[in-house]
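One letter stands for each residue in the lines below.
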Amino acid sequence: MSKKKNRPRQLSNPQQQAQGRPQQQAEMAAEPMVRKTRIFVPRDAAALSMGADAVAKAISAEADKRHANVEIVRNGSRGMLYLEPLVEVETDDGRVAYGPVKPADVAGLFEATFLKGGSHRLSHGLTDEIPYFKDQERLTFARCGITDPLSIKDYRAHGGFEGLSKALAMMPLDIVGEVTTSGLRGRGGAGFPTGIKWKTVHDTKADQKYICCNADEGDSGTFADRMLMEGDPFCLIEGMTIAGIAVGATRGYIYIRSEYPHAVATMREAIRVATKANWLGRTIQGSPHDFDLFVRVGAGAYICGEETSMLESLEGRRGLVRYKPPLPAIEGLFGKPTVINNVLSLASVPIIIAKGGEYYRDFGVGKSRGTLAFQLAGNIKQGGLVEKAFGVTARELIEGYGRGTRSGRPIRAVQFGGPLGAYLPDDKLDTPMDYEAFIKVDAMVGHGGIVVFDDTVDMAGMARFAMEFCAIESCGKCTPCRIGSVRGVEVIDRIIAGIERDQNIEVLEDLCNTLTDGSLCAMGGLTPMPVMSALRHFPEDFNRPARAEAAE
Ligand SMILES: Cc1cc2nc3c(=O)[nH]c(=O)nc-3n(C[C@H](O)[C@H](O)[C@H](O)COP(=O)(O)O)c2cc1C
Ligand code: SF4
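Everything numeric here is computed off the predicted structure, so don't read it as measured data.

**Q** How should I be thinking about the side chain of R226 in this particular structure?
**A** With respect to the secondary-structure elements, R226 resides in helix α11 (residues 224-231). Looking at R226, the relative accessible area reads 7%, which means it is buried. In this structure R226 touches D44, A45, A46, E217, Y260 and A263, once residues within four positions along its chain are discounted.

**Q** What am I meant to see in the pairing of strand β16 (residues 449-454) here?
**A** Side-chain positions along a regular strand alternate between the two faces of the sheet. Here β16 lies mainly inside the structure; six of its six residues are buried. Side-chain alternation along β16 places G449, V451 and F453 on one buried face and I450, V452 and D454 on a second face that is also buried. Bridging between strand β12 (residues 371-378) and β16 involves four bridges; their strand directions are parallel. Within β16, the residue paired with G378 across the bridge is V452. Pairing of strand β14 (residues 411-416) with β16, which is carried by five bridges, proceeds in the antiparallel orientation. Bridge pairing in β16 places F416 opposite I450.

**Q** Would you mind going over the layout of surface pockets with me for this structure?
**A** Unfilled space is identified by rolling a water-sized probe across the atoms. Empty space within the largest pocket amounts to approximately 1200 Å³. Lining the largest pocket are 49 residues, and of these G188, G189, A190, G305 and E307 sit closest to its centre. For the lining of the largest pocket, the elements supplying multiple residues, two or more each, are α10 (194-203), β9 (338-342), α19 (435-440) and α23 (522-526). Here the residues of the lining of the largest pocket sort into 22 nonpolar, 16 polar and 11 charged.

**Q** Before we go on, may I ask you to explain the side chain of T338 in this structure?
**A** On the secondary structure map, T338 appears in strand β9. At 2.8 Å, the side chain of T338 and the backbone nitrogen of L333 are in polar contact. Each residue touching T338, except ones within four places of it in the same chain, is listed here: V201, Y210, C212, L311, P328, A329, G332 and L333.

**Q** Just checking my understanding: could you explain empty space enclosed by the protein for this structure?
**A** Taken as a whole and judged by the stated rule, the model has two cavities of 30 Å³ or more. Reported here for the largest cavity is a volume of approximately 80 Å³. Of the residues belonging to the lining of the largest cavity, the class tally is eight nonpolar, three polar and one charged. In this structure, the second largest cavity occupies an estimated 40 Å³ of space. Of all the elements, β12 adds the most residues to the lining of the second largest cavity, at three residues. Here the lining of the second largest cavity is composed, by residue class, of four nonpolar, three polar and two charged. Composition of the lining of the second largest cavity by domain shows at least three residues from each of domain 2 (152-361) and domain 3 (369-454).

**Q** Sorry if this is basic, but what is going on with the nonpolar core here?
**A** Within soluble globular proteins, side chains that are nonpolar generally end up buried alongside one another. Counting 73 residues, the largest nonpolar core has I398, F416, M433, I450 and L508 as the members making the most contacts within it. Examining the composition of this core, we find that eight residues originate from one element, helix α20 (residues 459-473), more than from any other.

**Q** It is not clear to me how the site of ligand 2 should be interpreted in this structure. Could you clarify?
**A** Lining the immediate environment of ligand 2, one finds 13 residues, of which C475, K477, C478, C481 and C521 sit closest. Of all the cavities here, the one that holds ligand 2 is the largest cavity. When the residues that make up the shell around ligand 2 are grouped by side-chain class, the tally is eight nonpolar, four polar and one charged.

About the thresholds
- Residue indices follow the written sequence of each chain, beginning from 1 at its first position.
- In the order they appear in the text, chains get letters beginning with A and ligands get numbers beginning with 1.
- Predicted model: local features are reported for residues with pLDDT of at least 70 only, side-chain atom pairs are reported and counted for 80 or more only, and whole-chain, interface and lining totals are derived from all residues.
- As a rule here, side-chain values cover all heavy atoms of the structure and leave hydrogens and water aside.
- Counting from the N terminus, the helices are the DSSP runs of H or I reaching at least four residues and the strands are the DSSP runs of E reaching at least two.
- Note on exposure labels: buried denotes an accessible area under 20% of the residue type's maximum, exposed denotes more than 50%, and partly exposed covers the range between, all computed with a 1.4 Å probe on protein chains only.
- Here a residue-residue contact requires only that any non-hydrogen atoms of the pair lie within 4.5 Å.
- The pairing criterion is simple: DSSP has to find at least two bridges between the two strands.
- Here a cavity denotes grid points, spaced 1 Å and computed from the protein atoms alone, that fit a 1.4 Å probe unable to get out, and a pocket denotes an open set having protein on both sides within 12 Å along at least 5 of 7 lines; residues with an atom within 4 Å of a point are the lining.
- Grid points are joined across faces, edges and corners, and a volume is the space filled by probe spheres set on the points.
- Polar here means any residue outside two lists: the nonpolar Ala, Val, Leu, Ile, Met, Phe, Trp, Tyr, Cys and Pro, and the charged Asp, Glu, Lys and Arg; Gly therefore counts as polar.
- Here a polar contact means two N or O atoms within 3.5 Å. Within protein one must be a hydrogen donor candidate and the other an acceptor candidate, and residues neighboring in sequence count only if both atoms are side-chain atoms.
- What marks off one domain from the next here is an automatic or database domain assignment.
- To define a nonpolar core, start from buried Ala, Val, Leu, Ile, Met, Phe, Trp, Tyr and Cys residues and group those joined through side-chain atoms within 4.5 Å.
- The nearness test applies per residue and asks whether one of its heavy atoms lies within 4 Å of the molecule or strand.
- In this description, a molecule resides in a pocket or cavity if more than half of its atoms sit within 2 Å of the grid points defining it.

Right under this line is the structure:
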């Protein structure tokens with residue numbers, strides 16, 4: 001389990017943050033005597049989808065009407081998506097939260113003296129004390145929702161660029177060593193040790209190397225990459241630059257799915273701001289290190305999240321999986337050694353370098369070190385992002401933070417790790433979130449996506465959906481996946497219809513074994529996981545005639 005002693009303290013009050021920072025104190029002393037009240041309204045896509053822009057506009061208009069001296073900061077999301085748009089007001093005691101706020105609530109909030117943290121039916125008290133938020137262990141998301149995402153000053157005031165400043169003075173191999181010590185494993189799903197990948201690229205000689213960030217985030221129920229890019233883009237920039245220094249790469253690409261226009265715009269602007277401030281570009285902060293960063297927008301295929309397919313897409317071709325070897329670490333983008341990491345793997349690096357690999361390793365259990373941003377989605381009362389050390393149980397997340405289903409009905413199944421992950425029944429929810437513990441129950445943690453279903457779910461339908469998803473998204477390069485998935489849908493249809501059930505279940509098992517053993521990549525290789533887990537844990541759903549008879 002994680003150790004309490006080294007927890008980062010989240011300071012949301014600027015007076016607290018400025019302690020021990022003489023330069024900042026001087027800046028604060030120079031501020032006008034009448035301080036503006038800072039109001040935070042998220043610019044995160046989830047908050048925007050719930051009307052955050054209209055709320056910000058309404059607050060601004062109401063403040064003008066009342067001659068109130070306010071500054072509206074468009075921050076990232078705190079991750080409590082069930083409260084979005086979550087409006088926070090900065091008070092002497094810290095930030096006070098109100099949500100979900102609608103434009104029509106704004107006049108009432110002013111009446112209730114919310115600028116002083118006054119009570120209102122939408123008030124949740126101090127944000128840091130909200131139970132959903134209070135016990136989280138925010139390492140990667142420490143700044144998300146706290147800072148103005150595009151302010152370098154704000155970023156630095158909250159520990160930003162401490163890792164990179166250190167890295168600029170370190171030997172590349174020592175940086176790789178810290179990442180290895182941290183125990184960081186790829187957050188994109190496969191959980192491959194990041195330090196080993198970086199060492200391979202470091203050791204491979206080449207005139208050009210690349211850092212590619214995988215921000216395709218195609219898994220169902222996941223949004224952590226997006227939240228990080230929209231809420232703390234400099235953190236990803238910092239992590240990628242550190243990776244560049246560590247392995248000797250001078251160019252980086254962030255491959256963002258086309259469905260994330262806000263993340264694309266935020267990252268592009270953050271790169272511009274960071275380059276202007278010389279945290280990117282030539283001779284970074286007077287060091288001998290150069291690093292340039294570019295955003296590329298994906299073309300909307302799930303398979304483009306598979307790393308070699310992503311490379312094809314980055315090079316301007318259709319997303320088609322490449323044979324391995326050669327590994328991308330040896331021959332990746334444009335045939336050059338390439339680090340490919342997920343957004344959250346790279347965004348975990350700044351704190352690892354700033355505080356040391358051992359600090360990060362102190363969180364977690366077994367071989368799952370550090371924290372993971374768990375994403376609670378589907379039929380859940382309190383959906384959102386919970387960053388916790390590995391070892392927290394699925395039930396603690398779903399029933400503790402998530403408060404069970406939104407429908408109020410019993411939980412029947414939970415899918416972990418995206419569309420290729422297993423469906424687990426209620427009696428497996430005490431499994432700790434740990435890569436190895438999940439393998440033991442024939443499931444995977446993946447990118448931390450958790451999608452909840454209540455007792456109205458038809459699990460045969462979900463199994464069919466998983467197989468059909470593979471048939472639709474298959475890149476078509478290998479036969480087991482391209483043809484096997486289409487046959488799989490047909491077989492499942494026969495099982496559901498009660499046609500030669502036993503024989504067809506045997507055919508399905510056989511087909512799934514072929515997909516697992518014979519597919520070129522994990523798309524075909526893992527599709528059997530949701531299919532077979534549904535059949536194993538919920539066999540009663542696969543016999544519709546029998547169910548219909550029983551219901552009569
Ligand atoms: C079908 C498929 C889709 C994938 N989608 C993503 C994705 O959206 N984002 C991601 O980071 N990794 C994705 N991966 C995993 C990547 O291939 C790769 O393992 C990862 O980007 C490596 O980074 P990491 O070691 O930091 O996790 C996918 C893999 C497969 C097989
Ligand atoms: S398993 Fe599917 S997605 Fe992967 S290479 Fe084969 S056909 Fe393409």
